[in-house]
Amino acid sequence: MEIIQQTDTRLEIRHRPILEYFISLMMAGLGIYGVIQFNAHFGWTALWFLVFLGSLYAFFVWHKVIHCLADTKTQTLHIRKRNLVKTETRQKYFFSEVSSIEVREKRNKNGKYYLAFLMLKSGETIYLGRGNRKRSLEKSLHLLVKSIDCYYNFVPRPSFWDLF
C-alpha cells in the first residue's frame, strides 16, 4: 500500500497487486511452455492450456487495484476496486459506519505477510490490501485511522500452542 495524495482534508491510498501479477504471468508462461515443449498426450496438453487460460484470467480479471480515498470535509470513505479490463466497483461509506481497521498476520513457506481489512459496524469486512512489511503497511493505515478516527487492531497469527 502506498500513499498517493495527502492533504489536510484528503488522504488517498492505493494497493497494486504486483506480486500476484508476477505469479500470474509466470504461470501463463509455464502453461505456454508446457503446451509447446512437452508435445504430449492430448489430456496433458489440455491441462497445460487450462493453466494458461486460468492464469490469464487471474491476471486480467481476478487481481484488483484498490484505491481508498478518505475525505474529511464530507466525512466519507470511497473505495474503488478495478481490474486490468477496467471493470470497477465503487463503494462509499461514511466515517460513522467504520468500526476499525484490522491488520492480520499470516504465514506461508516464504515467511510472514500481512492483510489489511476495513471493519464496518454492520459486520461487513472489506479487503484493503496486503504487504510483506508490517511497518510500511501500518504507516499508510495509521494515517487512514487518524483521518477516519476509528480503532486500529493488529491480529497476530496464533501460535501452535494457542490451539490447545
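You'll find the structure just up there.
Figured I'd write up the structure that's included with this text. (Residues numbered from 1 in each chain as written. Predicted model: local features only at pLDDT ≥ 70, side-chain atom pairs only at ≥ 80, totals over all residues. Heavy atoms only, no water.)

**Digging into the overall build of the chain**
Put simply, the test is: In this description a helix means any DSSP run of H or I spanning at least four residues, a strand means any run of E spanning at least two, and both kinds are numbered starting from the N terminus. Only C-alpha atoms enter the radius of gyration, while the globule expectation follows 2.2 Å times N to the 0.38, with N the number of residues.
When helices and strands are tallied, the chain shows three helices and nine strands. Counted from the first residue to the last, the chain has its helices and strands arranged as β-β-α-α-β-β-β-β-β-β-α-β. Relative to the 2.2 N^0.38 estimate, which gives 15 Å for 164 residues, the radius of gyration of the chain is 19 Å and therefore markedly larger than a compact globule would have. Principal-axis analysis of the C-alpha atoms gives the chain an extent of 60 × 45 × 25 Å.

**Some points on the packing of aromatic side chains**
Defined as follows: Think of it this way: a Phe, Tyr or Trp ring, Trp meaning its six-membered ring, pairs with another when their centres are within 6.5 Å, and the plane angle makes it stacked under 30 degrees, edge-to-face over 60, tilted otherwise. Either the NZ atom of lysine or the CZ atom of arginine qualifies as a charge over a ring when it sits within 6 Å of the ring centre and within 35 degrees of the ring normal.
Under the criterion given, the structure shown has two aromatic pairs. For the ring pair Phe117 and Tyr127, a centre distance of 5.8 Å and an interplane angle of 65 degrees mean the geometry is edge-to-face. Of the two residues, Phe117 sits in strand S7 (residues 111-120) while Tyr127 sits in strand S8 (residues 125-131), which places them ten residues apart along the sequence. The side chain of Arg130 reaches across the aromatic face of Tyr113, ending 4.4 Å from its centre. Above the plane of the ring of Phe154 lies Lys134, whose end atom (NZ or CZ) is 3.8 Å from the centre.

**Details of unusual backbone geometry**
The backbone of Gln75 shows a phi angle near 60 degrees, a positive value even though the residue is not glycine. Position of Gln75 relative to the elements: it lies in the loop between strand S3 (65-71) and strand S4 (76-82). For Asp149, which is not a glycine, the phi torsion comes out positive at approximately 65 degrees. The topology assignment puts Asp149 in the loop between helix H3 (134-148) and strand S9 (151-155).

**A look at the state of the cysteines**
In protein chemistry, a disulfide is the covalent bond that joins the sulfur atoms of two cysteines. Stated precisely, the cut-off is as follows: Disulfide assignment relies on a single distance test, namely cysteine sulfur atoms paired within 2.5 Å.
Counted under the stated rule, the structure contains zero disulfides. Here Cys68 is not disulfide-linked; the sulfur of Cys150 is the nearest cysteine sulfur, at 10 Å.

**Quick notes on the side chain of Glu105**
Here is the rule we go by: Relative accessible area decides the class of each residue, using a 1.4 Å probe on protein chains only: under 20% of the type maximum gives buried, over 50% gives exposed, and in between gives partly exposed. Polar contact criterion, stated in full: a pair of N or O atoms within 3.5 Å, where within protein one must be able to donate a hydrogen and the other to accept it, and residues adjacent in sequence count only if both atoms are side-chain atoms.
Note on placement: Glu105 falls in strand S6 (residues 98-108). Overall, Glu105 belongs to the buried group, its relative accessible area being 11%. Of the polar contacts made by the side chain of Glu105, one reaches the side chain of Lys112; its length is 3.2 Å.

**Quick look at H3**
Going by this rule: What a helix is expected to span follows from its residue count: subtract one and scale by 1.5 Å.
Taking 1.5 Å as the rise per residue, H3 with 15 residues should run 21 Å; its terminal C-alpha atoms sit 20 Å apart, in good agreement. Those residues of H3 that sit buried are Leu137, Glu138, Ser140, Leu141, Leu144, Val145 and Ile148. Immediately downstream of H3, the backbone of Asp149 shows phi near 65 degrees, a positive value.

Purely spatial values, then, with no claim about function.
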